[in-house]
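One-letter residues, chain by chain:
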Amino acid sequence: MAASEENSALFPIFILTIMAIPLVPYTMVKLSRAVSKKQRTIHCQCLECDRSGKYKRSLFKKISNFSTWSNLTLLLLWVVMIFLIYYTKNMSRESQVFDPFSILGLEPGVTDSEIKKAYRRLSIQYHPDKNPDPEANKYFVEFISKAYQALTDPVSRENFEKYGHPDGRQGFQMGIALPQFLLDIDGASGGILLLWIVGVCILLPLIIAVIYLSKSSKYTGNYVMHQTLSAYYYLMKPSLAPSKVMEVFTKAAEYMEIPVRRTDDEPLQKLFMSVRSELNLDLKNMKQEQAKFWKQHPAIVKTELLIQAQLTRESGVLSPALEGDFRRVLELAPRLLEELLKMAVIPRTAQGHGWLRPAVGVVELSQCIVQAVPLSARKSSGVSSEGISPFLQLPHFSDAVVKKIARKKVKSFQDLQEMKLEDRSELLTQVAGLSATDVEDIEKVLEMMPSVTVDITCETEGEEGIQEGDIVTLQAWVTLKRPNGLIGALPHAPYFPFHKEENYWVLLADSVSNNVWFSQKVSFMDEGGAITAASKAISESMEGSGAGVKETNDAVREAIEKVKGGSRLVMGKLQAPAEGTYNLTCFCLCDTWIGCDKKSSLKVKVLKRTRAGTRGLVSDEGAIAEEGMEEEDEIEEEDYDDDYESEYSEDEDDKKDMEEKRGSKKANGSVKKKESSSEESGSEEE
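Residues numbered from 1 in each chain as written. Predicted model: local features only at pLDDT ≥ 70, side-chain atom pairs only at ≥ 80, totals over all residues. Heavy atoms only, no water.

> In this structure, what is going on with the pairing of strand E2 (residues 451-459)? I would like to understand it.
Two faces belong to every sheet, and in a regular strand the side chains alternate between them. Going residue by residue along E2, you find Val452, Val454, Ile456 and Cys458 tucked away on one face and Ser451, Thr453, Asp455, Thr457 and Glu459 left uncovered on the opposite face. Bridging between E2 and strand E3 (residues 471-481) involves 9 bridges; their strand directions are antiparallel. Across the sheet, the residue bridging to cysteine 458 is leucine 474, located in E3. (Buried < 20%, exposed > 50% of the residue type's maximum accessible area, 1.4 Å probe, protein only. Helix = DSSP H or I, 4+ residues; strand = E, 2+ residues; numbered from the N terminus. Pairing = 2+ DSSP bridges.)

Have a look at this one:
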């Protein structure tokens, strides 16, 4: 029974160990994420962003941000752990080993006279005749007297000094750390022990594994459902206007799980009437179009209306129930749009190319959602060739303000940015009728807006020029600058209720054929990670070219300085296509700001193969799997919106063009493709 009680006393220690193994590392990960998140909160200081409340650090918001189920569960587990530590600490004091020498305050090997002196000294302090305290009497009887007897008896003393116990050698005992109540049941301790082993060692890990596998099989690494990726892949088309991208975007499986309540019918009807002009309905057949719209899946209808509420800034009219669904839709939007963009640039053609138009449409939709700007504002109008959408992302700007400043020959957003501070302030106050405080807010946002440049080079390592089949190394430095000097910062987005980081997508594409040859995501928030990646890439590139240690170190040092100065390195490898001249474009698209996209034109030439051997793999049909290029002319920096407007024609025009091409192909028979434009249109039809 004593052994059973001793084993039962170890049960809290066993539970404490099992809890500490996963709890301590998980807590460290949570704290590191919280610290890194806190370091990245450089955001816009305008009044609209301040009123949005998402950057305020009030006590209520701190408590609400902390009061999540995971955080509360973590806190509860730590409270239990602290209690178990306190309990085991006190328990260890109560169940300390009987040591007569330590009780009498002596060292092992002392003489009998010293033992008697120590006993008399403690007797004066704890003897019942000298000390009436009941605790002193108990300690004297149970500890001091037994310790004196154990040391004065020769046999007991010899056993203690030799075996550590007054009774001599003790047998080896084994037990299990179970609570005492499980072992007190007569005749059932064996069965209970078996159930405990099966439950803890088999069933519990099995249940955890089943739950984990069921969730992991449902989601990807970016926490997007596999069903969503499958839908995006099959619904993606080579030519999609932003309005058509919206139709694909709302088909996400995550949005299908948003509850559809009967009480939402009336608020959604009112919302529909508010955003009807943005739904691209045919005005000639409005009744049929409305009926067709409401016949869609209720979750799709609800999602699209809530997104339109964000684009038109009509979220203030939503009911409390719809407000929660609205926040859920916007919370999922950034990562769903990122996966949708990946589905656009994923290799689709025989040459391994993605599609440019839907990729740009996805980025445009992301910009509009973050800045709460209608898609219709991107259309070219009499006010500006690029639409009024860049103006509407500024605080205190509206259609009326844009029309007023347009009378003073401020036709484009770039014209407004290039004005002197005094002239711009005079224009906004005297012409637009804005107050000095409003102008100050606008200047703060203009200082936050990034300006991006791209410097791209392509070469075959160790060779002069690029020939057919060569593996070409693409290297691009993307440099970001802001008027206020910051590099990594959160964008101005007062109508987006969550923190959204700036991301940039570098696309190397052929605008004429609608093909994307290379794509990569770039972020300016993590400088340390960018330094590590750039150092590794430059080091490997220099070593591959046969450079010495000093040259490699100098190149790495130069790359680190560039990263600290606001540049990010983009590197990739492509396979050179067939002989010919290729007019390519390097796009740098921002997913948060409107009007900050840039592109670099690149005219390249691939020579006929004269070198021995093949430096790349060719597919069975003879088509090159990936394509590369050789730089011939200087890169020209220009605004993306100036001359790419024709790429966003409606799908009906695209269908007519494709039908005409198909008709000409049938009339002429099978004709060999000699010009690059006919090659790319053929890949589109495939």
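> I would appreciate a short explanation of the packing of helix H17 (residues 298-311) against helix H18 (residues 320-345) in the present structure.
Working note: a packed helix pair is described by the angle between its axes plus the distance between those axes. Closest axis-to-axis distance for the H17/H18 pair is 10 Å, and the angle between their directions is 85°. The orientation of H17 with respect to H18, classified from their angle, is roughly perpendicular. The residues of H18 that touch H17, namely those facing Lys302, Thr303, Leu306, Ile307, Ala309 and Gln310, are Leu322, Asp325, Phe326, Val329 and Leu330. Of the residues contributing to the contact of H17 with H18, the split by class is 7 nonpolar, 2 polar and 2 charged. (Axes fitted to C-alpha atoms, helices over the stretch in contact; angles between N-to-C directions. Parallel < 35°, antiparallel > 145°, perpendicular 65-115°, else oblique. Contact = heavy atoms within 4.5 Å. Nonpolar A, V, L, I, M, F, W, Y, C, P; charged D, E, K, R; others polar.)

> Teacher, can you tell me more about the UniProt feature "transmembrane region" (unreviewed entry) in the protein chain here?
The sites that UniProt annotates as "transmembrane region" (unreviewed entry) are residues 12-29, 66-87 and 192-213. For residues 12-29, helix accounts for 100% and strand for 0%, while the C-alpha atoms at its two ends are 26 Å apart. (UniProt positions renumbered as here; feature names shortened; annotations may be inferred.)

> Before we go on, may I ask you to explain the side chain of serine 239 in this structure?
In this fold, serine 239 is placed in the loop between helix H12 (226-235) and helix H13 (242-249). Engagement of the side chain of serine 239 in a polar contact is seen with the side chain of arginine 357, the distance being 3.1 Å. (Polar contact = N/O pair within 3.5 Å; in protein donor to acceptor, adjacent residues only side chain to side chain.)

> Even after reading the chapter, I still don't get the nonpolar core, so can you show me in this structure?
Side chains of a nonpolar character, in soluble globular proteins, are inclined to be buried together. Formed by 59 residues in total, the largest nonpolar core has its most connected members in Phe249, Tyr255, Leu305 and Ile369. Considering each element in turn, this core owes the most residues, 13 residues, to H18. Ranked by size, the runner-up nonpolar core spans 58 residues in total, among them Leu394, Val472, Val478 and Val506. (Core = buried A, V, L, I, M, F, W, Y, C linked by side-chain atoms within 4.5 Å.)

> What am I meant to see in the pattern of salt bridges here?
Oppositely charged side chains can pair when the atoms bearing their charge come close. Per the counting criterion, the structure on display carries 17 salt bridges. Across the pair aspartate 264 and lysine 302 runs a salt bridge, and its minimum N-O distance is 3.0 Å. One end of the pair, aspartate 264, is in the loop between helix H14 (253-256) and helix H15 (265-275); the other, lysine 302, is in helix H17, and 38 residues separate them in sequence. Here the two residues aspartate 264 and lysine 302 agree in accessibility, since each one is buried. One continuous salt-bridge network, built from bridges that share partners, spans Arg261, Asp264, Lys302 and Asp325. (Salt bridge = Lys/Arg side-chain N within 4 Å of Asp/Glu carboxyl O.)

> Help me understand a nonpolar patch on the surface in this model?
Where nonpolar side chains cluster on the molecular surface, the patch consists of Val198, Ile202, Leu203, Leu206, Ile207, Val210 and Ile211 and spans about 610 Å² of accessible area. Residue placement: isoleucine 211 occurs in helix H11 (residues 189-218). For isoleucine 211, a relative accessible area of 45% puts it in the partly exposed group. (Patch = residues over 30% accessible without salt bridge, like charges linked within 9 Å, V, L, I, M, F, W, Y side chains within 5 Å. Areas by Shrake-Rupley, 256 points an atom, 1.4 Å probe, with all protein chains shown as cover.)

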